[in-house]
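# Tertiary structure, described
Residues per chain, in single letters:
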Amino acid sequence: MREISEAMMEHVETDEASAAQTQRIQALFSTNMSIYKLKFTMNFMINLMIQLGYVGIFVLGGYYVVTGKTEIGTVVAFLSGLSKLTDPWSALVDWYRDLKATQVKYALIRDASKVAVGPSQIVVVPPDVKSALAT
């Protein structure tokens, strides 16, 4: 996919512009790949922890039922409770994942706009002016 994106930039005449565009495309590709790696790693870890919870309930609950320390209803109640915990946890992780992906994308846009505008045209607001504007 990266090679296709780079091939689209063949119409650029100068080598310097082509190299800059290739570097931007590579940065975007690397960022997207790191987001996907983080996403799938987090999905794997969440699924692993959920499944280990079920295994733990079955093993420990089965042992307690066999030894007569508890009843099967208690094990079913724990299984029901674990399923109630996974829904909010997944929603929280999805929200955090979207937050981080958005932060990375806006940082790329911010950096690209600084390059497009040029460092001499960027306006820096002093902290005292920022505080006066905020009130």
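Residues numbered from 1 in each chain as written. Predicted model: local features only at pLDDT ≥ 70, side-chain atom pairs only at ≥ 80, totals over all residues. Heavy atoms only, no water.

### Structural notes on the side chain of Arg97
Relative to the helices and strands, Arg97 resides in helix H3 (residues 72–117). Reaching out from Arg97, the side chain makes a polar contact with the side chain of Asp94 at a distance of 3.1 Å. Setting aside its immediate chain neighbours within four residues, Arg97 contacts Lys39, Met42 and Asn43. (Helix = DSSP H or I, 4+ residues; strand = E, 2+ residues; numbered from the N terminus. Polar contact = N/O pair within 3.5 Å; in protein donor to acceptor, adjacent residues only side chain to side chain. Contact = heavy atoms within 4.5 Å.)

### What about the pattern of salt bridges?
Counted by the stated rule, this structure contains 1 salt bridge. When the shortest N-O distance is used, the salt bridge between Arg97 and Asp94 registers 3.1 Å. Of this pair, Arg97 and Asp94 both sit in helix H3, 3 residues apart, which is roughly one turn of the helix. (Salt bridge = Lys/Arg side-chain N within 4 Å of Asp/Glu carboxyl O.)

### Focus on a nonpolar patch on the surface
A cluster of nonpolar side chains, namely Phe44, Met45, Leu48, Met49 and Leu52, defines an oily patch on the protein surface of about 510 Å² accessible area. As for its position among the elements, Met45 is in helix H2 (residues 15–67). (Patch = residues over 30% accessible without salt bridge, like charges linked within 9 Å, V, L, I, M, F, W, Y side chains within 5 Å. Areas by Shrake-Rupley, 256 points an atom, 1.4 Å probe, with all protein chains shown as cover.)

### Re H2
The terminal C-alpha atoms of H2 lie 77 Å apart, and with 53 residues this matches the ideal 78 Å at 1.5 Å per residue to within 8%. Residues of H2 that are buried: Ile25, Thr31, Ile46, Ile50, Ile57 and Gly61. (Expected span 1.5 Å × (residues − 1). Buried < 20%, exposed > 50% of the residue type's maximum accessible area, 1.4 Å probe, protein only.)

### Thoughts on the side chain of Thr31
On the secondary structure map, Thr31 appears in helix H2. Judged by relative accessible area, Thr31 falls into the buried class, the value being 15%. Beyond its immediate sequence surroundings of up to four residues, Thr31 is in contact with Val104 and Leu108.

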